[in-house]
Amino acid sequence: MAEKTKEMMESWSFLDTVESNFRPLVVIELAKGTKEETIEWFTNRIVDKKANGGAQLLIKPLVTENGVENIYLVGASHLRLLLGAEAVGLVKECTDNSMRTFTYSSRKTFKHFADDNHNFLTMAECQYIIKHELENLRAKNEKMIPGYPQAKLYPGKSIVRRLLTSGVLVQIFPLHDREELKKLSHSWYGRVKVGYQPLDDIRCYFGETIALYFGFLEYFTFALIPMAVIGIPYYMFAWEDYDKYVMFATFNLLWSTVILEVWKRICAILTYRWGTLLMKRQFEEPRPGFHGVLGINPVTGREEPVYSSIKRQLRIYLVSLPFVCLCLYFSLYVMMIYFDLEQWALDYHKENESNFSNLMLFVPSIIYAIVIEIMNRIYRYAAEFLTSWENHRLESSYQNHLILKVLVFNFLNCFASLFYIAFVLFDMKLLRQSLATLLITSQILNQFAESLLPYWLQKRYNRKMKKRMCSKKTDADLSLAEQVNMEKEMGTYLGTFDDYLELFLQFGYVSLFSCVYPLAAVFAVLNNITEIYSDALKMCRVYKRPFAEPTANIGVWQLAFETMSVISVVTNCVLIGMSPEVDALFPDSKMDLVLTVAFVEHLLLAIKFIMAFVIPDKPRDIQMKLAKLEFESLEALKQQQIPTLGLWSPGKLPVTILAETTIKISQTGRDLRRSVVLLPAQDRIGTKFRPQGCVWGGVSCQVLWGQRLQNLPGPLLQCLAVLVVKCFLLGLSWLIF
């Protein structure tokens with residue numbers, strides 16, 4: 001092993017001349033006993049040039065008192081990171097205060113850039129670039145991992161993914177910056193204060209995705225305060241006054257629309273300042289877990305795996321969909337067992353009439369809440385396995401399918417019993433009791449499982465590590481070894497999925513049955529205040545540092561929250577229509593009651609959609625900045641004169657296309673994207689095309705409309721959700737009456 005390490009160090013010498021001060025950014029841990037030929041092959045692929053299929057990064061083994069372990073530190077030269085920033089499309093601030101995509105050729109025009117300023121890119125951005133390069137290491141002609149003939153490879157297979165699944169690679173994680181982490185911890189959760197979170201500092205350290213989650217959590221908590229303030233007197237003084245509840249429910253429905261629309265504006269402000277609002281994701285790279293036969297992307301001309309969409313659809317509709325339906329049926333079966341327990345507890349209370357029997361009334365709801373949490377977590381693992389098995393090409397497609405599976409199950413699992421109590425049993429007292437029990441119990445369980453338990457386990461492990469290290473020297477190398485050994489045993493943060501899901505379910509408890517239990521918003525505010533501090537604690541002290549992930553918004557969760565607010569209109573209108581006070585207003589004709597409730601419901605829905613349309617998603621100044629950038633891009637494209645790119649008029653000479661070109665046309669307020677025909681790099685030079693048609697700015701060019709699978713519009717999905725809820729309620733009414 002010593003000779004092997006010496007050879008590796010000699011092979012890195014030419015890279016060390018480029019970067020004299022090696023800065024470790026990412027840690028790679030291999031399994032103990034990994035064969036030397038495997039280590040040599042993997043490290044060579046990491047340091048090899050991009051032209052040869054490598055990542056062209058720096059890598060060094062972690063040296064401890066016990067010698068060289070199977071832990072390696074990965075870094076990159078300053079030049080390599082700058083080129084990587086251009087490759088991933090990072091957006092930085094220019095000297096004229098505008099935000100533009102970083103390019104190495106125009107690096108001097110960006111604010112704070114200098115050849116000797118290695119802090120131009122944040123540590124989180126550098127780690128994101130390295131992660132991107134490692135994930136794009138793919139097999140070329142290898143048939144297997146050297147030293148492990150059972151670990152098969154084929155052209156296009158992700159090397160890192162195959163090493164992980166075969167057990168050779170244990171984990172890859174970014175290192176903490178202990179000084180910066182200490183400063184962030186002090187300003188974030190080090191002291192209890194009333195104020196805003198340091199979102200810009202969180203973004204610089206953890207990246208935009210995590211910073212945006214904490215921004216949404218903070219905003220949602222402040223937005224809940226008016227509902228909580230109004231809900232307290234309603235709970236204390238007007239418990240059975242349904243006339244006042246009509247006003248409260250109406251305010252709730254308008255409130256849910258306004259806060260979601262205002263959040264879009266705040267999100268646009270944050271992401272523009274961070275540069276991710278402008279990041280172009282139209283040519284998203286395949287996700288690391290995507291596998292298939294190596295082929296050519298017809299748009300980018302790059303080599304990447306190709307997988308049949310027909311096979312993927314068959315897996316979705318013949319396996320995933322039946323499994324989800326089976327899980328939903330099982331969830332309903334568990335719900336009916338819960339109602340049997342409720343009936344047993346009620347009969348027991350009637351027979352005994354004691355303090356113990358009063359407590360027993362809450363036991364079924366508590367047990368059911370615990371079972372719901374367990375079922376949600378088990379189903380989550382099954383949904384992740386199925387979605388990965390479906391083999392989606394893009395990470396965004398993978399996340400959308402996973403979120404859809406989990407949201408459908410969690411919605412039914414958490415709210416089906418409440419719908420049954422409200423619209424089948426017509427028991428408002430039991431509805432209030434069940435809602436309060438489910439909300440409070442789920443909050444306590446989440447706080448314990450997500451923060452308190454991991455923190456206690458990590459603190460216990462840290463005490464053991466400090467006792468083991470206290471007798472050793474504290475020079476720089478040993479300090480780094482101690483840090484790596486401590487961090488590699490920390491838990492892995494799995495992303496913001498569970499955190500957003502918790503807020504989504506909380507939003508459902510608050511909005512769906514607001515006219516029955518106004519105190520739901522109060523408990524939500526109290527939970528979120530503690531959630532901010534506990535989540536900050538677990539990010540800084542409990543989990544390994546996650547890789548930064550650029551994002552422009554909260555993604556499909558925005559649509560999920562909006563859909564929940566639309567469903568809440570239906571449920572609250574039906575609950576108010578079922579009240580005795582409202583029912584007494586229509587003693588002669590129940591049809592008049594139904595029509596009145598339907599009219600009010602449609603009126604509120606119309607108001608919601610009008611408000612969503614009137615309130616712009618982006619502030620005026622952001623719109624102007626984006627329009628200015630678009631105009632400058634179009635002007636630069638029209639004035640650009642490339643000698644090797646022939647521009648022609650209809651009927652004149654053919655054109656030779658040498659590079660990728662994207663033309664963005666603004667027409668009647670809508671962005672239309674057309675892409676020039678792209679060929680693989682080896683086929684572009686000298687290839688002739690006869691122009692057909694499209695003329696723009698006096699230039700005729702051969703274009704193809706980009707083939708993209710567009711998501712359904714948000715309002716259409718929300719209308720579909722309302723239709724499903726209405727059919728559900730109509731079916732219940734038909735069964736009952």
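Bear in mind that the values here come from a model prediction, so they are computed numbers and not experimental data.

Undergrad: Explain empty space enclosed by the protein residue by residue, including any values.
TA: Applying the stated criterion to the full structure yields two cavities of 30 Å³ or more. By volume, the largest cavity amounts to about 110 Å³. Lining the largest cavity we find 17 residues, and of these Leu 90, Glu 125, Arg 203, Glu 208 and Pro 550 sit closest to its centre. Elements supplying a minimum of two residues to the lining of the largest cavity: strand S4 (91–93) and helix H4 (123–135). Its residues assigned to classes, the lining of the largest cavity comprises eight nonpolar, four polar and five charged. By volume, the second largest cavity amounts to about 30 Å³. If you trace the second largest cavity, you find it lined by Met 227, Phe 248, Asn 252, Val 510, Ser 514, Tyr 517, Pro 518, Ala 520 and Ala 521. Elements with a minimum of two residues in the lining of the second largest cavity: helix H9 (242–274) and helix H17 (520–542). For the lining of the second largest cavity, the per-class residue count stands at seven nonpolar, two polar and no charged.

Undergrad: Which residues make up the environment of Val 91, and what values go with them?
TA: Its place among the elements puts Val 91 in strand S4. The buried category is assigned to Val 91, whose relative accessible area is 4%. Between the C-alpha atoms of Val 91 and Phe 110, which are 19 residues apart in sequence, the distance is 10.0 Å. Ignoring anything within four residues of it in the chain, the contact list for Val 91 reads Met 99, Arg 100, Thr 101, Phe 102, Trp 274, Gly 275, Leu 278 and Met 279.

Undergrad: With reference to specific residues and values, describe the environment of Ala 31.
TA: Of note, Ala 31 is situated in the loop between strand S1 (26–30) and helix H2 (36–47). Separated by 136 residues in sequence, Ala 31 and Gly 167 have C-alpha atoms that sit 6.9 Å apart. Excluding residues that lie within four positions of it along the chain, Ala 31 makes contacts with Asn 70, Gly 167, Val 168 and Val 170.

Undergrad: How would you explain the nonpolar core if you had to name every residue and give the values?
TA: Ranked by internal contacts, the top residues of the largest apolar core, which has 110 residues, are Trp 188, Phe 513 and Trp 557. Residues Val 88, Tyr 148, Leu 163 and Ile 622 belong to the second largest nonpolar core, which totals 53 residues.

Undergrad: Lay out the confidence of the model for the chain in plain terms, naming residues and giving numbers.
TA: Confidence along the chain averages 77 in pLDDT terms, with 77% of residues attaining 70 or more. Per-residue pLDDT stays below 50 along residues 1–18; that stretch engages in 17 contacts with residues further than four places along the chain or on separate chains. Every residue in residues 471–478 scores below 50 in pLDDT, and together they form three contacts with partners more than four places removed in sequence or on other chains.

Undergrad: Could you give me a rundown of the packing of helix H10 (residues 309–352) against helix H13 (residues 395–425), with the residues and numbers involved?
TA: Taken N-terminus to C-terminus, the directions of H10 and H13 make an angle of 30 degrees; their axes are 10 Å apart at the nearest point. For the element pair H10 / H13, the angle class is roughly parallel. Here H10 and H13 pass one another in a crossing that is right-handed. Contact residues: H10 offers Ile 316, Ser 320, Val 324, Cys 327, Leu 328, Ser 331, Leu 332, Met 335, Met 336, Tyr 338 and Phe 339, while H13 offers His 401, Lys 405, Val 408, Phe 409, Leu 412, Asn 413, Ala 416, Ser 417, Tyr 420, Ile 421 and Leu 425. Per-class residue counts for the contact of H10 with H13 are 16 nonpolar, five polar and one charged.

Rules behind the numbers
- Residues numbered from 1 in each chain as written.
- Predicted model: local features only at pLDDT ≥ 70, side-chain atom pairs only at ≥ 80, totals over all residues.
- Heavy atoms only, no water.
- 1 Å grid on protein atoms, 1.4 Å probe; cavity = no way out; pocket = protein on both sides within 12 Å on 5 of 7 lines; lining within 4 Å.
- Points joined across faces, edges and corners; volume = space filled by probe spheres on them.
- Helix = DSSP H or I, 4+ residues; strand = E, 2+ residues; numbered from the N terminus.
- Nonpolar A, V, L, I, M, F, W, Y, C, P; charged D, E, K, R; others polar.
- Buried < 20%, exposed > 50% of the residue type's maximum accessible area, 1.4 Å probe, protein only.
- Contact = heavy atoms within 4.5 Å.
- Core = buried A, V, L, I, M, F, W, Y, C linked by side-chain atoms within 4.5 Å.
- pLDDT = per-residue confidence, 0-100.
- Axes fitted to C-alpha atoms, helices over the stretch in contact; angles between N-to-C directions.
- Parallel < 35°, antiparallel > 145°, perpendicular 65-115°, else oblique.
- Left-handed = near helix turned anticlockwise from the far one by under 90°.

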